[in-house]
Amino acid sequence: MTHPFLDLAPLSAAHFASIEDRVARLLSTEQDVLITQGEALLPLEGAIRGAAGPGTTALNVITGPYGQTFGDWLRDCGATVHDLAVPFHTAVTAAQIQEAFAEHPEIDFVSLVHAEAATGNTNPVAEIGEVVRAHGALFYLDAVASIGAEPVLPDAWGVDLCVIGAQKAMGGPAGVSAVSVSSRAWARMSANPHAPRRSYLSLLDWKERWIDGGRRALLHAPAQLEMLALEACVQRIEAEGLDTVMSRHAAAAAATREGVLALGAGFEPYVYEASAAAPVATTLRTPEGVDASGLVARALATDPTLPLAAGGGALAKEMIRVNHYGPAASLDTVQSSLSALRAALTEG
């Protein structure tokens, strides 16, 4: 008995490398691109632990929960960390980054989340990159939620470590991820005695044994099904056109913001300014006295497939997230989601 998922020919090193090349083209980058065999938290943590250590002074920008996590990792590495936290209903500005450098000119590492799907904001990476580059700091970017929904251009923006995942706007698998690494970032990791080695978190192991070896021999057996799914998802983006995919997400986000205002009844966008709102997901503030988690539960009871979720932690009482990404980046999905929320509010 055979099964199409179980009886596949082994994934060759050449095939693995060709998928990396497609991801590099998606990012318009000439940097080294590594596909890592795990969810995006793997390269996100591996990149920080590889590049940061006791001698690092980091500016950690917090516009949502992932920024908080990065600060924890940096401190655990022994880095001196200066947190720049802004309200979750807005975005950080390049001027704020410039002010942080003026106050702490010794900063040599900047960590930033591009789009926070959890809070619905997005940050102006191009402008921030100019400031970071002018000060010579290493620039680390989490673009997991933004890739496929809005431009992600590590070379043009001066990003040294850019991590992406396929499970959101790309509409692909969660079990593999990727990171683009600049020559400056490799040099920083090579000079860091605390960088992970002989570890699943080690990017340097992959560089020395995979990239420097001409990408001829994989370090271990690849996650074959996830790699093939990643290839298929990139092929689908190529066929549709990246600009078209991003336009779908932008249209879904705009329709959600307009639609929720039309609903009335006290609903409003959680991120105040449309320019600071992420196209990957739109967050909504519930009417006064309405519990967001209860409202979402009632909406999902009528249609469990709707891309609705309550905010995490304390935000579960006041925030609803419409996850219009990947295949759900469509006007029909937005209309169905908002109609379900209106019906659920009436029932409550």
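Relevant structure appears above.
Let us look at the structure shown here. (Residues numbered from 1 in each chain as written. Predicted model: local features only at pLDDT ≥ 70, side-chain atom pairs only at ≥ 80, totals over all residues. Heavy atoms only, no water.)

**Notes on the overall build of the chain**
Line of reasoning, step 1. For the chain, the helix and strand inventory stands at twelve helices and 13 strands.
Line of reasoning, step 2. At 21 Å, the chain has a C-alpha radius of gyration in line with the 20 Å of a compact globule built from 348 residues.
Line of reasoning, step 3. Taken over the C-alpha atoms alone, the chain extends approximately 65 × 60 × 30 Å along its principal axes.
Line of reasoning, step 4. A burial count over the chain gives 55% of its 348 residues as buried.
Line of reasoning, step 5. Considering only contacts in the chain between residues 6 or more positions apart, those separated by 24 or more positions represent 69%.
Line of reasoning, step 6. Carbon and sulfur atoms make up 54% of the accessible area of the chain, which totals about 14,300 Å².
Line of reasoning, step 7. The centroid of the 22 positive side-chain charges in the chain is displaced by 4 Å from the centroid of its 38 negative side-chain charges. (Helix = DSSP H or I, 4+ residues; strand = E, 2+ residues; numbered from the N terminus. Rg over C-alpha atoms; globule rule 2.2 N^0.38 Å. Buried < 20%, exposed > 50% of the residue type's maximum accessible area, 1.4 Å probe, protein only. Contact = heavy atoms within 4.5 Å. Areas by Shrake-Rupley, 256 points an atom, 1.4 Å probe, with all protein chains shown as cover. Lys, Arg positive; Asp, Glu negative; His and termini not counted. Charge placed at Lys NZ, Arg CZ, Asp CG, Glu CD.)

**Focus: the sheet that holds strand E13 (residues 319-322)**
Line of reasoning, step 1. In space, the four strands of this open sheet follow the order E10-E11-E13-E12, with antiparallel pairing throughout. Two strands bound the open sheet, and with one partner strand each, they are strand E10 (268-269) and strand E12 (308-310).
Line of reasoning, step 2. When E10 meets strand E11 (residues 282-285), the two strands line up antiparallel, connected through two bridges. Residue pairing across strands places Pro269 opposite Leu284, the latter belonging to E11.
Line of reasoning, step 3. The strands touched by helix H11 (residues 292-302) within the sheet are E12 and E13, with E12 carrying the most contacts at an inclination of about 155°. (Pairing = 2+ DSSP bridges. Axes fitted to C-alpha atoms, helices over the stretch in contact; angles between N-to-C directions.)

**A look at the nonpolar core**
Line of reasoning, step 1. Counting 80 residues, the largest nonpolar core has Ile97, Leu161 and Leu230 as the members making the most contacts within it.
Line of reasoning, step 2. Per-element accounting of this core gives the leading share, seven residues, to helix H1 (residues 13-26).
Line of reasoning, step 3. When residues no more than four places from it in sequence are discounted, the contact partners of Leu161 are Ala47, Ala51, Leu138, Phe139, Tyr140, Leu141, Val179, Ser180, Val181, Ala185 and Met189.
Line of reasoning, step 4. Core analysis: the second largest hydrophobic core is formed by 19 residues, Leu263, Phe267, Ala292 and Val322 among them. (Core = buried A, V, L, I, M, F, W, Y, C linked by side-chain atoms within 4.5 Å.)

**Let's talk about the environment of Leu225**
Line of reasoning, step 1. Looking at the secondary structure, you find Leu225 in helix H9 (residues 224-240).
Line of reasoning, step 2. When its relative accessible area of 38% is taken as the criterion, Leu225 is described as partly exposed.
Line of reasoning, step 3. C-alpha of Leu225 to C-alpha of Leu11: the two residues are 214 residues apart in sequence and 9.3 Å apart in space.

**Some points on the side chain of Asn121**
Line of reasoning, step 1. Topologically, Asn121 is positioned in strand E6 (residues 121-122).
Line of reasoning, step 2. Judged by its relative accessible area of 0%, Asn121 is buried.
Line of reasoning, step 3. Separated by 3.0 Å, the side chain of Asn121 and the backbone oxygen of Phe88 make a polar contact.
Line of reasoning, step 4. Polar side-chain contacts of Asn121 include one of 3.1 Å to the backbone oxygen of Thr90.
Line of reasoning, step 5. Each residue touching Asn121, except ones within four places of it in the same chain, is listed here: Thr63, Phe88, Thr90, His114, Ala115, Glu116, Val271, Ala276 and Ala278. (Polar contact = N/O pair within 3.5 Å; in protein donor to acceptor, adjacent residues only side chain to side chain.)

**Focus: the packing of aromatic side chains**
Line of reasoning, step 1. Per the counting criterion, the structure on display carries six aromatic pairs.
Line of reasoning, step 2. On the numbers, 5.9 Å between centres and 35° between planes, the contact of Phe109 with Tyr140 is tilted. Within this pair, whereas Phe109 is found in strand E4 (residues 109-113), its partner Tyr140 is found in strand E7 (residues 138-142), the two being separated by 31 residues in sequence. Just as Phe109 is buried, Tyr140 falls in that class too. (Phe/Tyr/Trp six-rings, centres within 6.5 Å; stacked < 30°, edge-to-face > 60°.)

**Focus: the pairing of strand E3 (residues 80-85)**
Line of reasoning, step 1. As judged from the six bridges shared by strand E2 (residues 57-62) and E3, these two strands associate in the parallel manner. Counterpart to Thr57 in the pairing with E3 is Thr80.
Line of reasoning, step 2. Crossover E2 to E3 through helix H3 (residues 65-76) is right-handed. (Right-handed = clockwise from strand over helix to strand, strands pointing away.)

**Observations concerning the packing of H11 against helix H12 (residues 331-347)**
Line of reasoning, step 1. Here H11 crosses H12 at 115°, and the two axes come no closer than 8 Å. Considering only the axes of H11 and H12, their crossing is right-handed. In this structure, H11 contributes Leu295, Arg298, Ala299 and Thr302 to the contact, and H12 contributes Ala340, Leu341, Ala344, Leu345 and Glu347.
Line of reasoning, step 2. Residue composition of the contact of H11 with H12, by class: six nonpolar, one polar and two charged. (Left-handed = near helix turned anticlockwise from the far one by under 90°. Nonpolar A, V, L, I, M, F, W, Y, C, P; charged D, E, K, R; others polar.)

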